[in-house]
Amino acid sequence: FTVLFMYFTCISTVQTTDCLHLREQCINAANGCESVWNVVEDACNISVLGNRCKAEDTVGCNRIIRVLADEYPEFKNCVCTTDDICSITTLLGKLCSINKDNISMETKLQWGLSVLSKQAYTTNRTCLDVNRECVEDEVCNKQLSLYLKVCSVNKKCNMEECQAATRFFYRNMPFEVAQMMIFCDCIQHDESCHRAKELLHGKPCAVTVVPPPSCLTVIHMCEENELCRKKYTIFQSKCWRHVTKKCYNDEACLETLIKDDMPCSANADCKAAYISNWGTTLRTECTCQNLPPAEQPLCQLFHHMLHSKSCFS
């Protein structure tokens, strides 16, 4: 730990100050950055008074800082790769104390979750089984606890914060584990399983708007947000390439298609792109009711693209 201590004490004060300034800009940006920052505060246990933190979970704290930098590249200099836990001190400087007992947790996450990731992906896992296995896994449970804390329906739901936590949660899961969680299902009358499914899928906080918007509105809202637009573009190219090649973003062309024209690739890249949509506007529950007849075909097409899992069954 002597080397780590020397490294921390040598971090540039100017760089730390710049990162704190970026934090203030983030909070005031009105572009969704504040929602991710609020998840950073939860993950790093930052006190409102004095902006101090006691990073008991260095794994969760560092990983959400990296998510912050991925989604908002102005923070890229506030993330370092030379050491597993240095991102905290680069971003927050001497304000942040490190619980070194938890540093070894990073190794577990790098090698995957101790139990879940060693299981082969199968499509018939119930959400209750997957939820229980995550709770019983030390690393998965830590990530799930943060996710559920932010998305709790017992407090006033902040949809943007819950969506940010959802993106963070699924990005932290090995691909096989994320598949198990996203594609888990329940038999019709298993209430315990359906409750577990809602927890894993961010319902109702991350996906439910009252009244539900039209699917056309959801697509247009996504296209106005840089992060969502990038994910949507990748999703189209990985899952629906034949459609995007034929029509690109030409809605008049898309209107001519029907669901039977919409077989998707359903390969690993497509599944990864679909999972990446979790925690964005694209996962908002939408409807085609009350739209004029002329808008119904395109709306139904978008609903099929965004919410039908027939592609993966």
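It should be emphasised that the depicted structure is a prediction, and the values quoted were computed from it without experimental measurement.

It is worth spelling out unusual backbone geometry at this point. Cis geometry marks the peptide bond from lysine 203 to proline 204, where omega comes out at -5 degrees. Inspection of the secondary structure puts proline 204 in the loop between helix 11 (191-200) and helix 12 (215-223). At the junction of valine 210 and proline 211, the peptide bond is cis and its omega measures out at -10 degrees in the coordinates. Relative to the assigned elements, proline 211 resides in the loop between helix 11 and helix 12. One non-glycine residue with positive phi stands out, namely asparagine 290, at about 70 degrees. Position of asparagine 290 relative to the elements: it lies in the loop between helix 16 (268-276) and helix 17 (296-307). Residue class for asparagine 290 comes out exposed when judged on its relative accessible area of 79%.

To continue, consider helix 13 (residues 226-239). Across its 14 residues, helix 13 extends 20 Å between first and last C-alpha, which sits within 8% of the 20 Å expected from 1.5 Å per residue. Those residues of helix 13 that fall on the buried side of the exposure criterion are Cys228, Lys231, Tyr232, Phe235, Gln236 and Cys239. All buried residues of helix 13 project into a common sector of 140 degrees when viewed along the axis, lining one side.

Cut-offs used in this document
- Residues numbered from 1 in each chain as written.
- Predicted model: local features only at pLDDT ≥ 70, side-chain atom pairs only at ≥ 80, totals over all residues.
- Heavy atoms only, no water.
- Helix = DSSP H or I, 4+ residues; strand = E, 2+ residues; numbered from the N terminus.
- Buried < 20%, exposed > 50% of the residue type's maximum accessible area, 1.4 Å probe, protein only.
- Expected span 1.5 Å × (residues − 1).
- Arc of directions from axis to C-beta.

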